[in-house]
Every structure is written in C-alpha cells, then in structure tokens.
Amino acid sequence: MAARGAGAGTTATGGPATSFQRKAAAGSRLAAVPGTRPSVRHGQLLLSSGLPSLDGVLGGGLAVGTLLLIEEDKYGVYSNLLFKYFLAEGVVCGHDLFVASAMEPPDNILKKLPAPLLDDTHRNELREEVTPAKSEDFQDSMKIAWRYENLPKMEASPTTSTKFGHYYDISKTMSPELLQSIKWHSFYLPEELSLEPKLKMCNMNCGYANLLHSIQRVIYQEGFDGSHPQKKQKNILRIGIQSLGSLLWGDDICSSDTPEDIHSLTKFLYVLRGLLRKSLSACIITVPSHLIQNKAIMERVTNLSDMVVGLESFIGSERETNPLYKDYHGLLHVHQIPRLNSLICDVSDTKDLAFRLKRKQFTIEEYWS
C-alpha cells in the first residue's frame, strides 16, 4: 500500500530531508504592505496616486518616502481633485491619513472624497461614459498626420481590472462607513495656533513649525519610522497638505517679491523630505505657484520636491473657446520626475498631456492637436 505522506526524515520523493528553506524574494516582502507594489524597474515600493492615468505619467505611481508637488491651477479646481483622489485611494487601501489645511477643516475635506468604484457594475457605467468620447476621438484621429498614430495612449478608463489603483465616481461622495474604517490625523492651522504655543524653529514661521511637529509626532508614535515596529501589519501613512505657501499659512511669498520669511517654505520642505525618507509614508502638496512672485523661490521649491506636476486650466483663458482645445479643460505639465536607484528618470514617452473633467471622472490623456 502506497504511503500517503513523506516521513519525518525524507521528502515526498524519497530523498533525504534538509533544513534548507528558500527565502522569499525581497519584492514579495515589500508587496505585503497593503495598497502597494514594488517597481519592476528600480525596486522601490510604489503606491497609487488614486488616478491610474497619473500613475502612468509618474512611472507607475508614487514611491514610498517621496514627495509629489502639484502646482495648482488658477482657481484650484483641478488640483483639489487630485488632492482628494490621493486621500480617497488611501481610504480604500486602508492606509493611515494625515490631512493638513489652513483653508478648510480636514474633516470637511474627507466628507467630500469621491466614492470608489469597487464592483464591475459601476466600472461598466464609467466605461460607457468614456466610450462616446473615444468614438469622436477616433473620427478626428483619421485626419491627423500619420506620425501621431504610433504614440502611446494614457490609461484613461477602466478597460481592465487592476489591483493597484482604483477608480472613483466624483459625482458621489464616499460613504461614512468606509471613512470610519481607517485611522486619520488632522491639522487645521487656525485650531492648532489657538491650542498649541506658537513654535519657532530655524527662522521658520510658526505655521510650518507646528505642522512639522505634528507630522513628526504621528510618524514616531505610530511606528512609521521603523524604530518602533508597528503592532499589526505594516501600513503606509499618506500625508496631504493643501495650498502650502498661501497667505493662510502665514507666509508672504505670494504677496511680495521680497518676503520676510524667504527661506521658510524651503526649510520646511527640506526637513519634511528627511522625515519621509526614513519612514513608510508618502506626501502630496498643492502649492499656488501662479501667485508666488519670486520665481527663485519656486525654483528652490521644485528642487526640494521629488515629483512636480503643474495644472494649467483653460478657465478664463483664450483656449477655453479655442476649437483646438474643445475636448479638454486644461494641460498637464510634468516638471520633474525622480531618479530612483537609476541614472535616468522613469517617465512616460508621452509629452503632450491634457486633462478633461467628465460628469463622473477626471482623466489625463494624450493631447491631440
């Protein structure tokens, strides 16, 4: 009668058992963090921005420990959407959130997050919305020069299912039950300045100093820095800071060519990047760059960021009525992409990018002139 299993000292094939156990690959250990995946090019752990088409522009997503700077559009309409996409993705993935603002209470921001599309029914509804636009584009593409035909297309609609990154319906808000399932931390500047003493460090204004202190406290106390192992499964801290550098933050770089705290914002970013580099966290910051009068300050801010993208809205401009731009609401400019464990940038081949806001979704696409 054949044996059902191998003995204690032999393998199933009858050979001698050994104590050798194959170690799991490094990538599999990294992928154990929920809502992340390792990059196939540079090995860094990536998380989604909440907008798959933006992930493609950034080389697959945001690397853990990095900072994405978004230059706001003139009225802050579209940059605010990207900000909410980033936070909404964190909620769906079960990540911890840190939301900072000087303009709107963070709990109000979270209540307005877009609703995720987690089943095929809703995905099909979203795909139907994109289909008519695609048919019009196809007719127009027949009139375009042949050299444009081979350009790669950005992922703009949920044509395939993916575990990395989700799609959202901006016509609906996220359910309160889903928000209650995650842990989030808030920083509302007017409240913080009234509750805590005004900190002043390294010639940095009190708003930035208090914000750094709060971020540092969360990173250390919750174990995101690695010095105190997290009690449960490893998790990611998503940090979102809204309209940094505006007058509401007590900074005058948007109102003067020679501000009093000319180095305040750059010092904040320098210290923040140090915190990000040694922790399981990623940060997105929106900045009203069109209001910063001293361009040298904006250049330093760009250099202190890992990724920088700018949104140019057509609202109020001549392009809004120009028939060449009738299918779009603005242009996306990629100013900086990080070099991670490589000498070159991992960036999309598509250079001309535009965005459009539909009833249910915001998409980034290749621009067809």
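Nothing here was measured: the structure is a model prediction, and the numbers come from that model.

The rules behind the values
Residues numbered from 1 in each chain as written. Predicted model: local features only at pLDDT ≥ 70, side-chain atom pairs only at ≥ 80, totals over all residues. Heavy atoms only, no water. Helix = DSSP H or I, 4+ residues; strand = E, 2+ residues; numbered from the N terminus. Buried < 20%, exposed > 50% of the residue type's maximum accessible area, 1.4 Å probe, protein only. Contact = heavy atoms within 4.5 Å. Areas by Shrake-Rupley, 256 points an atom, 1.4 Å probe, with all protein chains shown as cover. Pairing = 2+ DSSP bridges. Axes fitted to C-alpha atoms, helices over the stretch in contact; angles between N-to-C directions. Arc of directions from axis to C-beta. Salt bridge = Lys/Arg side-chain N within 4 Å of Asp/Glu carboxyl O. Phe/Tyr/Trp six-rings, centres within 6.5 Å; stacked < 30°, edge-to-face > 60°. Patch = residues over 30% accessible without salt bridge, like charges linked within 9 Å, V, L, I, M, F, W, Y side chains within 5 Å.

Trainee: For the overall build of the protein chain, give the residues involved together with the corresponding values.
Mentor: A tally of helices and strands in the protein chain yields 10 helices and 14 strands. Within the protein chain, the proportion of its 369 residues that are buried is 49%. Long-range pairs, those at least 24 residues apart, make up 73% of the contacts in the protein chain between residues at least 6 apart in sequence. When the accessible surface of the protein chain is split by element, carbon and sulfur atoms take 53% of a total near 19,000 Å².

Trainee: Before we move on, could you go through the sheet that holds strand 13 (residues 353-357) and cite the residues and values that matter?
Mentor: Spatially, 8-5-9-10-4-11-12-13-14 is the arrangement adopted by the nine strands of the open sheet, whose pairing is mixed. Edge positions in the sheet fall to strand 8 (184-188) and strand 14 (362-366), since each has one partner strand and no second. Within the sheet, the average angular offset between the axes of one strand and its neighbour, ignoring direction, is 20 degrees. Bridge analysis of strand 9 (residues 237-241) against strand 10 (residues 281-287) gives five bridges, and the strand direction is parallel. Within the sheet, the bridge partner assigned to L237 lies in strand 10 and is S281. Across the sheet, helix 10 (residues 295-303) is in contact with strand 4 (67-71), strand 11 (307-313) and strand 12 (330-336); its angle to strand 4 comes to roughly 150 degrees.

Trainee: A description of the sheet that holds strand 3 (residues 62-63) should follow, citing residues and the corresponding values.
Mentor: Spatial ordering of the open sheet is given by 1-2-3, a layout of three strands whose pairing is antiparallel. Of all the strands in the sheet, the pair left with one neighbour each is strand 1 (36-38) and strand 3. Relative to strand 2 (residues 45-47), strand 1 runs antiparallel, the two being bridged by three bridges. Pairing of T36 across the sheet is with L47, part of strand 2.

Trainee: Before we move on, could you go through helix 10 and cite the residues and values that matter?
Mentor: By the burial criterion, the buried members of helix 10 are I297, M298, V301 and T302. When helix 10 is viewed along its axis, its buried side chains cluster within an angular range of 140 degrees and face the same direction. Exposed side of helix 10, more than 90 degrees from the buried face: E299 and N303 are the residues found there. Buried residues along helix 10 sit against strand 4, helix 9 (264-277), strand 11 and strand 12.

Trainee: Explain the environment of I292 residue by residue, including any values.
Mentor: Structurally, I292 is set in the loop between strand 10 and helix 10. Residue I292 is classed as buried on the basis of its relative accessible area of 1%. I292 sits 36 residues away from S256 along the chain, and the two C-alpha atoms are 8.1 Å apart. If near-sequence neighbours (up to four positions away) are discounted, I292 is found in contact with I253, C254, V287, I297 and M298.

Trainee: Which residues make up unusual backbone geometry, and what values go with them?
Mentor: Backbone geometry places S243, a non-glycine residue, at a positive phi of 50 degrees. Among the structural elements, S243 can be located in the loop between strand 9 and helix 9.

Trainee: Could you give an account of the pattern of salt bridges, naming the residues involved and the relevant values?
Mentor: Considering all chains together, one arrives at eight salt bridges under this definition. The partner of E104 in a salt bridge is K112, with the nearest N and O atoms 2.9 Å apart. Through salt bridges with shared partners, one network takes in R273, R277 and D306.

Trainee: If you had to explain the packing of aromatic side chains to someone new, which residues and values would you point to?
Mentor: In the structure shown here, the tally under the stated rule is 10 aromatic pairs. Pairing Y85 with Y168 gives two aromatic rings, centres 5.9 Å apart and planes at 65 degrees, and the pair type is edge-to-face. Highlighted residues: Y85 in helix 3 (residues 77-93) and Y168 in strand 7 (residues 167-173), separated in sequence by 83 residues. Assigned by exposure class, Y85 and Y168 land together as buried. Seen in terms of ring centroids, F355 and F362 are 5.3 Å apart; in terms of plane orientation they differ by 35 degrees. Their pairing is tilted. By relative accessible area, F362 is classed as buried at 1%. Among the aromatic side chains, those forming a connected cluster through ring pairs are F187, Y208, W249 and F268.

Trainee: Which residues make up a nonpolar patch on the surface, and what values go with them?
Mentor: Taken together, the side chains of Y75, V77 and I315 define a hydrophobic patch exposed on the protein surface, amounting to about 260 Å² of accessible area. Within the secondary structure layout, V77 lies in helix 3. On the accessibility criterion, V77 (37% relative accessible area) is partly exposed.

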